[in-house]
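# Geometric and topological summary
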Amino acid sequence: MGHDHGLIASVQPDGYLELFVPLTGKRHRCGPRGTTMWLALQRSDWQTEVAAEEIAVRLGVDPDSIRCDIEAWMSHFREAGE
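Definitions and limits used
- Residues numbered from 1 in each chain as written.
- Predicted model: local features only at pLDDT ≥ 70, side-chain atom pairs only at ≥ 80, totals over all residues.
- Heavy atoms only, no water.
- Pairing = 2+ DSSP bridges.
- Helix = DSSP H or I, 4+ residues; strand = E, 2+ residues; numbered from the N terminus.
- Axes fitted to C-alpha atoms, helices over the stretch in contact; angles between N-to-C directions.
- Contact = heavy atoms within 4.5 Å.
- pLDDT = per-residue confidence, 0-100.
- Phe/Tyr/Trp six-rings, centres within 6.5 Å; stacked < 30°, edge-to-face > 60°.
- Buried < 20%, exposed > 50% of the residue type's maximum accessible area, 1.4 Å probe, protein only.
- Lys NZ or Arg CZ within 6 Å of the ring centre and 35° of its normal.
- Core = buried A, V, L, I, M, F, W, Y, C linked by side-chain atoms within 4.5 Å.

Attention now goes to the sheet that holds strand E1 (residues 8-11). As summarised here, the arrangement of the three strands in space is E1-E2-E3, forming an open sheet in which the pairing is antiparallel. This sheet does not close on itself; its edge strands, each paired only once, are E1 and strand E3 (26-30). Geometrically, the sheet is characterised by an average inter-axis angle of 15° between neighbouring strands, direction not taken into account. Where strand E2 (residues 17-21) lies against E3, five bridges are found, and the strand directions are antiparallel. Among the inter-strand pairings, Leu 19 is bridged to a residue of E3, identified as His 28. Set on the sheet, helix H1 (residues 32-43) makes contact with E1, E2 and E3; between it and E2 the angle comes to about 70°.

Moving on, we come to the confidence of the model for the protein. The pLDDT averaged across the protein works out to 86; a share of 90% of its residues lies at or above 70. Confidence, read as mean pLDDT per element, is least for helix H3 (residues 63-81) in the protein (83) and greatest for helix H2 (residues 48-59) (94).

Within this structure, the stated rule accounts for two aromatic pairs. On the numbers, 5.0 Å between centres and 75° between planes, the contact of Trp 38 with Trp 46 is edge-to-face. Ring centres of Trp 38 and Trp 73 lie 6.3 Å apart, and the angle between their planes is 70°; this geometry places the pair in the edge-to-face category. Here the residue Trp 38 occupies a position in helix H1, and Trp 73 occupies one in helix H3, the gap between them amounting to 35 residues. Accessibility expressed as a relative area gives 13% for Trp 73, which makes it buried. Through pairs of rings, three or more aromatic residues link up here, namely Trp 38, Trp 46 and Trp 73. The ring of Phe 20 has Arg 27 sitting right over it, with the charged end atom 4.0 Å from the ring centre.

Grouped together as the largest cluster of nonpolar side chains are 18 residues, with contacts concentrated most on Leu 19, Ile 70 and Trp 73. Put simply, the parts of the chain that give this core at least two residues each are E2, H1, H2 and H3. Sort the elements by how many residues they give to this core and H3 lands first, with five residues. Not counting the four nearest positions on each side in its chain, Ile 70 is found in contact with Met 37, Leu 41, Thr 48, Ala 51, Ala 52 and Ile 55.

Now the structure itself:
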């Protein structure tokens, strides 16, 4: 996901993640939740199970609910990129 379509990701000074596709000029800003998911996915080599576990441990919540959130979030961006 991170390198598809020349995607450039950067965390802005306000803590929000900005995703930018130079080819299309599309930009998307993610709040704290999306930023957390993006960073965990990067650290886990885009493995949703590993990323969900990392976030769940940090927040003290069920990894399955986080995994569902991550998969839905990734699906949203895949559909937007088509």
